[in-house]
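# Coordinate inspection notes
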Amino acid sequence: MRKTLTFLLSLLVGFSFAANHQVSVGSNFFSPSSLSINVGDTVTWSNTGGFHNVDGRTSTYASNPASFYSGSASSASWTFSHQFTVAGTYNYECTPHAGLGMTGTVTVTAST
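Let us look at the structure shown here. (Residues numbered from 1 in each chain as written. Predicted model: local features only at pLDDT ≥ 70, side-chain atom pairs only at ≥ 80, totals over all residues. Heavy atoms only, no water.)

## Remarks on the nonpolar core
- F30, W45, F84 and V106 are the most contacted members of the largest nonpolar core, which has 18 residues in total.
- Of all elements in the fold, only β1 (20-26), β3 (34-38), β4 (42-47), β6 (88-93) and β7 (103-109) reach the threshold of two or more residues within this core.
- Ignoring anything within four residues of it in the chain, the contact list for F30 reads V23, S24, V25, W45, N53, V54, Y92, E93, C94, M102, T103 and G104. (Core = buried A, V, L, I, M, F, W, Y, C linked by side-chain atoms within 4.5 Å. Buried < 20%, exposed > 50% of the residue type's maximum accessible area, 1.4 Å probe, protein only. Helix = DSSP H or I, 4+ residues; strand = E, 2+ residues; numbered from the N terminus. Contact = heavy atoms within 4.5 Å.)

Printed below as a string of structure tokens:
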């Protein structure tokens, strides 16, 4: 019983410190374009205008530890969230505007 209680308490403490980071997606920009977060944190991208998406798939960026993808680009008002569970550096882009420099980076570190 005591081990189960300790395990549940450690899970509760671990989840209570996870943060949600916001990224605005607009006219050929991600703001902020670079984030440093902890394992377990979530990033939420919100399209504030324009035809955009978020593409961090390993087929696009082979060095990403894991894939994330909002789907095809859309001009609708949308949000996309991804929880990062593996430490490492993640690159991503807006598929239609990558050639214009619409890219970003999320650096995920193991929490202490």
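Let's pick the thread back up.
## Examining the side chain of H82
- Within the element layout of this structure, H82 appears in strand β5 (residues 79-83).
- With a relative accessible area of 18%, H82 lands in the buried category.
- Discounting chain neighbours no more than four positions away, the residues touching H82 are D41, T42, V43, W45, S67 and F68.

## Section: the sheet that holds strand β2 (residues 29-31)
- Read across the open sheet, the four strands follow the order β2-β1-β4-β5; overall the sheet is mixed. Looking along the sheet, the strands with just one partner apiece sit at the ends: β2 and β5. The sheet shows a mean angle of 20° between the axes of neighbouring strands, direction not considered.
- As paired elements, β1 and β2 share three bridges and run antiparallel to each other. Opposite V25, over in β2, you have F30 as the bridge partner. (Pairing = 2+ DSSP bridges. Axes fitted to C-alpha atoms, helices over the stretch in contact; angles between N-to-C directions.)

## What to know about the sheet that holds β3
- With mixed pairing, the three strands of this open sheet are ordered in space as β3-β7-β6. Each edge of the sheet is formed by a strand with only one pairing partner; in this case those strands are β3 and β6. Sheet twist, expressed as the mean angle between neighbouring strand axes with direction ignored, is 20°.
- Sheet topology places β3 next to β7; five bridges connect them, and they run parallel. Residue pairing in the sheet places S34 in a bridge with T105 of β7.

## Here we look at the pattern of salt bridges
- This model, assessed by the stated rule, comprises one salt bridge.
- The closest approach of N and O atoms between R57 and D55, which form a salt bridge, is 3.0 Å.
- Taking the relative accessible area as the measure of exposure, R57 reaches 29% and is therefore partly exposed.
- Given the relative accessible area of 2%, D55 is considered buried. (Salt bridge = Lys/Arg side-chain N within 4 Å of Asp/Glu carboxyl O.)

The analysis is restricted to geometry; functional conclusions fall outside its scope.
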